[in-house]
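Observations on the model geometry
The lines below spell out each chain.
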Amino acid sequence: MDTPITRAEHDEFCKRMETENQRLADEDKRLGRRVAVLEDTTRQIQALATNVERLAVSMENMARVQAEQADRLDDLEAMDGLAAINASVEKLTAILESSRETLERQEKRLEALEARDGEKWRQVTGYILTAITGIILGFIATYLGF
């Protein structure tokens, strides 16, 4: 530190700093876009979860209605036309089973989306840590004169 630096060295240092600052600004923009994508994905997952919850409520209502119909069916067993009622119950059972299958598929999709979101978050965190480590090493290397 006894000898002053030359003007050319100072200009070179300023040029490097401007380049590094621009690179960091570009990295910030890129990470900002990635965070926006993650937020959008999170909103979609929340919407899907809400739809699954609505479907579950609808299935509960359907099951309740089906139970009520089963009670009415017990009352009508002595009456004529039992075959038509049995056919209706079978149709309702098929609809309920189809709804269950749909719910299971949506639950699997939701789990897959949630897992993907976690992977993206870990990846973004890794990029941020890598950028910070690079910045620190760059400053240390600059300070030591490498």
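Read on for a plain summary of the structure.

Conventions and cut-offs
Residues numbered from 1 in each chain as written. Predicted model: local features only at pLDDT ≥ 70, side-chain atom pairs only at ≥ 80, totals over all residues. Heavy atoms only, no water. Helix = DSSP H or I, 4+ residues; strand = E, 2+ residues; numbered from the N terminus. Contact = heavy atoms within 4.5 Å. Salt bridge = Lys/Arg side-chain N within 4 Å of Asp/Glu carboxyl O.

1. So, the environment of L55
By secondary structure assignment, the location of L55 is in helix 1 (residues 7–76). Along the chain, L55 and S99 lie 44 residues apart, while their C-alpha atoms are 8.4 Å from each other. Among all residues touching L55, those that are not within four sequence positions of it are T102, L103 and Q106.

2. As for the pattern of salt bridges
The tally for this structure, following the rule as stated, stands at 6 salt bridges. Among the salt bridges present, the one from R16 reaches E12, with a minimum N-O distance of 3.3 Å. Here the residue R16 and the residue E12 both occupy positions in helix 1, the gap between them amounting to 4 residues, near one helical turn. Notably, a salt bridge pairs R30 with E27, separated by 2.6 Å at the nearest N-O pair. On the criterion of helical spacing, the pair formed by R30 and E27 is a turn pair, its members being 3 residues apart in helix 1.

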